Amino acid sequence: MSIQTFGDWLYATPISTTFRETTWIIPTVQSLHILAIAVVVGSALVSELRLAGVLATDESPARVVRRYLPWIWSALVVLLASGMLLIVAEPARTLGNTVFWAKMALVLLAFLATLLLRRPLLRDEARPAAKTVAWLLLVVWIAVIFCGRFIAYT
C-alpha cells in the first residue's frame, strides 16, 4: 500500500471526517501542538545554552538539564499525540509532504541525540563535545519549527 493510498483511506474514515467537520477540533489540536513545541524548544534552549556555557553558568549543567528534561519528555508526548490527531484529520497535508518527513527526521534526530547523548555530555571530560552538540541541537530544533510552518505552504 502506498502512502497516497493509505492517506486516501485514512481521509475517508469516520474519525477523520469527524475531526475535519467539527470546527473546533483542528484549531484546538494545532494550538496544543504549538504550545508543546514551545515547551520543548524553550526547555531545549535553556538546556543547550547551559551546555554551551552561555546561560545559567552559576549552576551545574547536570542540574539545569535535570530541571528541564522532564518538560521536554512530557511535551514530546503531547507533540506525538497532537501530531497523530492532525495526521488523522488531514492526511493529505502531511503524509505526502516531503517537508513533513524532513520534520519527522529532525525530531527523531533531536530525540535520539537527547536520549543517547545527554548523560555522557554532562561529564567534565566531555565539555568541548557538549558545546558542539548543544549548538547543533539548537539548530535542529529551529529547523523543526521552520519545517512545521512550511508544512502548511507546501
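Because the structure is predicted, anything quoted here is derived from the model rather than measured. (Residues numbered from 1 in each chain as written. Predicted model: local features only at pLDDT ≥ 70, side-chain atom pairs only at ≥ 80, totals over all residues. Heavy atoms only, no water.)

Draft legend 1. Molecular detail of the UniProt feature "transmembrane region" (unreviewed entry) in the chain. Following the UniProt record, one finds the feature "transmembrane region" (unreviewed entry) at residues 24-47, 68-88, 100-117 and 129-152. Within the segment residues 24-47, helix and strand shares are 96% and 0% respectively, and the terminal C-alpha atoms sit 34 Å apart. (UniProt positions renumbered as here; feature names shortened; annotations may be inferred. Helix = DSSP H or I, 4+ residues; strand = E, 2+ residues; numbered from the N terminus.)

Draft legend 2. Main features of helix H3 (residues 25-51). An ideal rise of 1.5 Å per residue puts 39 Å on 27 residues; H3 measures up with 38 Å between its terminal C-alpha atoms. Count one or two residues on from H3 and you reach Gly 53, which has phi positive near 80 degrees. (Expected span 1.5 Å × (residues − 1).)

Draft legend 3. Inspection of the packing of helix H2 (residues 14-21) against helix H4 (residues 61-89) at higher detail. Running from amino to carboxyl end, H2 crosses H4 at an angle of 95 degrees, the nearest separation of the two axes being 8 Å. Compared by their axis directions, H2 and H4 come out roughly perpendicular. Each of Ile 15, Ser 16, Phe 19 and Arg 20 in H2 lies in contact with H4, whose residues at this interface are Leu 85, Val 88 and Ala 89. Within the contact of H2 with H4, the residues separate by chemical class into five nonpolar, one polar and one charged. (Axes fitted to C-alpha atoms, helices over the stretch in contact; angles between N-to-C directions. Parallel < 35°, antiparallel > 145°, perpendicular 65-115°, else oblique. Contact = heavy atoms within 4.5 Å. Nonpolar A, V, L, I, M, F, W, Y, C, P; charged D, E, K, R; others polar.)

Draft legend 4. Region of interest: the nonpolar core. Core analysis: the biggest nonpolar cluster contains 30 residues, and Ile 37, Val 40, Leu 76, Leu 79 and Trp 141 have the highest contact counts within it. Looking at this core, the elements that each hand over two or more residues are H3, H4, helix H6 (98-121) and helix H7 (127-151). Considering every element that reaches this core, the biggest residue donor is H7, with nine residues. Those residues in contact with Leu 76 that sit more than four places away from it in its chain are Val 40, Phe 111 and Trp 141. Phe 19, Ile 25, Val 29 and Leu 86 belong to the second largest nonpolar core, which has six residues in total. (Core = buried A, V, L, I, M, F, W, Y, C linked by side-chain atoms within 4.5 Å. Buried < 20%, exposed > 50% of the residue type's maximum accessible area, 1.4 Å probe, protein only.)

Draft legend 5. Representation of the pattern of salt bridges in the model. For the structure on display, the rule yields three salt bridges. The partner of Arg 63 in a salt bridge is Glu 59, and the shortest N-O contact between them spans 3.4 Å. Connected through salt bridges with shared partners, the residues Glu 59, Arg 63 and Arg 67 form a single ionic network. (Salt bridge = Lys/Arg side-chain N within 4 Å of Asp/Glu carboxyl O.)

Draft legend 6. Just the environment of Ala 129, in detail. The residue Ala 129 is located in helix H7 in this model. Residue class for Ala 129 comes out partly exposed when judged on its relative accessible area of 40%. Between the alpha carbons of Ala 129 and Ala 52 there is a distance of 9.3 Å; along the sequence they are 77 residues apart.

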